[in-house]
Amino acid sequence: MRRTFMILSGMWCCVTCRLKFLSWVLGAVCLTLSVHLARGQQAPAVPELSIRATTRLVTVDTIVTDADSRPVSGLTKEDFTVLEDGKPQKIAFFSFVAAEQKPAPPPPRLRPDVFTNRPEYHSANGPLVILLLDGLNTLPTQQLYVHQQIMKYLTSLKLAGPGTAILALGNTLTVLQDFTTDPQLLLSAAKSYKGGRTAVDIESPKIEIPVTTGPGGGAPAQTHLPGSTANDDAANIASQTKPTNSFAELAQSLKRFDSEVAANDENVRVRVTLEALRRIAHAVSGYPGRKNLIWFSDGFPISLALDQSTDLDLYRPYHEQIRQTSAQLSDANVAVYPIDAPGLITSPLADPSSIGPPSQAQSAPFAREFSRKATMNRLADDTGGKVFYQTNDLNGALQAAVNDAQSYYWLSYYPERKKWDGKFRTIKIVMTDHRLKVRHRTGYYAVDPASWRKAGDEKLISLSDLHALSNTGVLFYAHPIRPDKKGQDVTVELLIDPHTVSLENGSAYSTNLDFQIGAFTSDGKLAHLESQTAKADELRPETYQQFLRSGIPARFQLALKPGNYVLHVAVRDNTNGHIGSLEMPLQIEK
């Protein structure tokens, strides 16, 4: 069910039923008390952040090292020159981030029935590390070795280590452990990892090809390929195979069929991987500072290399999709550190950047392998990370990635070009001391924040979101209230942080938010979906000030039967497409 609300004259008014205004006011007061007055504790201070507007601030976290790859501290803003498409930019904000800096005080404790996606309640102070176990693009034997090495690393991890999360990529992206510094929780999560859909499942599908062998040949065998159109494709081949056809023609038809299946499956795997990387970017965008994504994988191709020139129509380049994904990771200040899974054991291919692209005379498997490594290089270079090839020192590689998050420079600037044409703009940082080496994101897309709807998918909640990462583009608190009597609705109150949504539009104050709450049963079925829109083209100044002081309230009623549920709550700022989400349990007694 979807309802549209308008904010008029300093109040929330329901378009279809204005009498509900009283419940909105009561909900705002109740939620403010339940969140901020957590059993007598003082309300947390409002973050000293500026309200988001359409002006874009580009941030660049920069690793600076000397000739011996040691981090360099003590530099000033004057030591850096930022170039966008070759033109100098004025540095608006500059700071040096070091792990030894005094950590922020812990946030006030929340009541057990209040939930939030605010990062300070889900992570430790200091650098953040995400370990991504990629079963989709890694063979089972290599996954086993990676798993053993990660267990070894986590066993030696001290309690004062970085805030670490463990994710697994198979058919879907799974959270094994949210950010924590507790090594026992991380060890338990790593032990629970059983692997998922792997590269071998896709690249070696079990297919029985129906073949007509000529006069007296047997009936075509049944084809089995879950999730594909292999039945139709194979039947077409069989129907086109005449008794008079030569075995050479038949072999060519079957080889063409194999190429089509491989191309389709490769494309699915690339799309699933890129979508997982984008989901990670959305999930940690609200976390401050640099985040390091350590990706254990065999990689995926930057373009689909084919065995024969006759298959050119199946060729699929992924350059642009990879660059767009890299830009989204960079916008969320996520640096990618791919660790070559085969290289942890042995790899016939060295760092591809050191040997150049393969020649036409080299084999197709070698070209495909080179393409996969090129993708890993691309993601690392674009986001300011680093690739680790042919290393058996996993602890050393992990520590090197962690060190990057413990000491770096934070530069921000407002681009001089204000036209958001959607084109990619390159970023280059030049040091006054040319002996120093720098590593940073390579650029960003100058996308108009309002153009997010062009992507075509405006859904906030789907079945794939259950038990997924929480998004932090919009931050909020949530308070579910169970009914006192049988047959009553469940009430869900929200309080949105006004500093994480756009409240300005030129000289006027306005906002446009979408809300969705999905109630999932214990077996993963969607039992109820509630959708609402809150829109105001011109807020009164006193309403705007009230929002800044107390937050933006919202209140929902859900008709649910007794049982156990998982509520998935999502909020979207329609001005720029930023999304916040979280999950919370709910039990309704009979």
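First, a word on scope: everything that follows refers to the structure included in this document. (Residues numbered from 1 in each chain as written. Predicted model: local features only at pLDDT ≥ 70, side-chain atom pairs only at ≥ 80, totals over all residues. Heavy atoms only, no water.)

The helix and strand tally for the protein stands at 10 helices and 24 strands. Buried positions account for 47% of the 590 residues belonging to the protein. Counting contacts in the protein only where the partners sit at least 6 residues apart, residues at least 24 apart contribute 76% of the total. When the accessible surface of the protein is totalled, it reaches about 28,800 Å², and 53% of it is carbon and sulfur. (Helix = DSSP H or I, 4+ residues; strand = E, 2+ residues; numbered from the N terminus. Buried < 20%, exposed > 50% of the residue type's maximum accessible area, 1.4 Å probe, protein only. Contact = heavy atoms within 4.5 Å. Areas by Shrake-Rupley, 256 points an atom, 1.4 Å probe, with all protein chains shown as cover.)

Turning our eyes to something else, we now look at the packing of aromatic side chains. Overall, the coordinates contain 10 aromatic pairs when judged by the stated rule. Both rings, one in F80 and one in Y409, keep their centres 5.2 Å apart while their planes meet at 50°; by these two values the pair is tilted. Linking F80 in strand β4 (residues 80-84) with Y409 in strand β13 (residues 407-413), this pair joins segments that are 329 residues apart in sequence. Grouping residues by exposure puts F80 and Y409 together as buried. Aromatic side chains W295 and F300 sit 6.0 Å apart centroid to centroid with 50° between the ring planes, which places their arrangement in the tilted category. What makes W295 buried here is its relative accessible area of 0%. Residue F300 is classed as buried on the basis of its relative accessible area, which comes to 0%. In this arrangement the basic side chain of R323 is found over the ring face of F424, its NZ or CZ atom lying 3.9 Å from the centre. (Phe/Tyr/Trp six-rings, centres within 6.5 Å; stacked < 30°, edge-to-face > 60°. Lys NZ or Arg CZ within 6 Å of the ring centre and 35° of its normal.)

Here we take up the sheet that holds strand β16 (residues 443-445). Within the open sheet, the 4 strands sit side by side as β5-β4-β14-β16. Their pairing is antiparallel. Edge positions in the sheet fall to β5 (87-89) and β16, since each has one partner strand and no second. The sheet shows a mean angle of 30° between the axes of neighbouring strands, direction not considered. The sheet contact formed by β4 and strand β14 (residues 424-431) spans 5 bridges and is antiparallel. Opposite V82, over in β14, you have I429 as the bridge partner. (Pairing = 2+ DSSP bridges. Axes fitted to C-alpha atoms, helices over the stretch in contact; angles between N-to-C directions.)

Once that is clear, we can look at the sheet that holds strand β7 (residues 115-116). Read across the open sheet, the 4 strands follow the order β7-β17-β18-β22; overall the sheet is antiparallel. Strands at the two margins of the open sheet, each flanked by one partner only, are β7 and β22 (552-558). Bridge count for strand β17 (residues 476-481) against strand β18 (residues 490-496) is 6 bridges, and the pairing is antiparallel. By the bridge assignment, I481 is partnered in β18 with T491.

All right, on to the pattern of salt bridges then. Per the stated rule, a full pass over the model turns up 18 salt bridges. Among the salt bridges present, the one from D113 reaches R111, with a minimum N-O distance of 2.6 Å. The exposure class assigned to R111 is partly exposed, which follows from its relative accessible area of 25%. We note a salt bridge from D382 to R378, for which the minimum N-O separation is 2.9 Å. One end of the pair, D382, and the other, R378, are both in helix α8 (residues 364-383), 4 residues apart, so they sit about a helical turn from each other. Residues D382 and R378 agree in their burial class; the two are buried. Salt bridges sharing common partners tie together D66, D68 and R70. (Salt bridge = Lys/Arg side-chain N within 4 Å of Asp/Glu carboxyl O.)

Time to look at the pairing of strand β12 (residues 334-340). When you tally the buried positions in β12, you get 7 out of 7 residues, the bulk of the element. The side-chain alternation of β12 yields two buried faces, one formed by V334, V336, P338 and D340 and the other by A335, Y337 and I339. Where strand β11 (residues 291-297) lies against β12, 7 bridges are found, and the strand directions are parallel. The residue of β12 that forms the bridge with I294 is Y337.

Our next topic: the nonpolar core. Counting 33 residues, the largest nonpolar core has L132 and L293 as its most contacted members. Of all the elements, helix α6 (residues 247-284) adds the most residues to this core, at 8 residues. Residue contacts for L293: discarding those within four places in its chain leaves I130, L132, L277, I280, V334, A335, V336 and Y337. If you look at the next biggest cluster of nonpolar residues, it comprises 32 residues, including I517, A534, V571 and L586. (Core = buried A, V, L, I, M, F, W, Y, C linked by side-chain atoms within 4.5 Å.)

Moving on, we come to the side chain of E84. Mapped onto the secondary structure, E84 falls in strand β4. For E84, a relative accessible area of 3% gives the class buried. In this structure the side chain of E84 is engaged in a polar contact, spanning 3.3 Å, whose partner is the side chain of R425. The residues contacting E84, other than those within four sequence positions of it, are Q89, Y413, P415, R417, R425, T426 and Y444. (Polar contact = N/O pair within 3.5 Å; in protein donor to acceptor, adjacent residues only side chain to side chain.)

Another point: helix α10 (residues 541-550). Within α10 the residues assigned to the buried category are T543, Y544, F547 and L548. Projected onto a plane normal to the axis of α10, the buried residues spread over an arc of 140° and lie on a single side. Of the residues flanking the end of α10, it is G551, one or two places downstream, whose phi is positive at about 95°. (Arc of directions from axis to C-beta.)

Structurally, V490 is set in strand β18. The exposure class assigned to V490 is buried, which follows from its relative accessible area of 1%. As for V490 and Q557, which are separated by 67 residues in sequence, their C-alpha atoms are 5.6 Å apart. Setting aside anything within four residues of it in sequence, one finds V490 in contact with I481, P483, F556, Q557, L558, L560, L586 and I588.

Moving on: the environment of D85. For D85, the position within the fold is in the loop between β4 and β5. Residue classification places D85 among the partly exposed positions, given a relative accessible area of 35%. For the pair D85 and R425, spaced 340 residues apart in sequence, the C-alpha separation works out to 5.8 Å. Ignoring anything within four residues of it in the chain, the contact list for D85 reads R417, F424, R425 and T426. Within the local environment of D85, its side chain forms a polar contact with the side chain of R417, the two groups lying 2.4 Å apart.

Together, L57, F93 and Y414 make up a nonpolar patch on the protein surface, roughly 270 Å² of accessible area in all. By secondary structure assignment, the location of Y414 is in the loop between β13 and β14. Using a relative accessible area of 37% as the deciding quantity, one classes Y414 as partly exposed. (Patch = residues over 30% accessible without salt bridge, like charges linked within 9 Å, V, L, I, M, F, W, Y side chains within 5 Å.)

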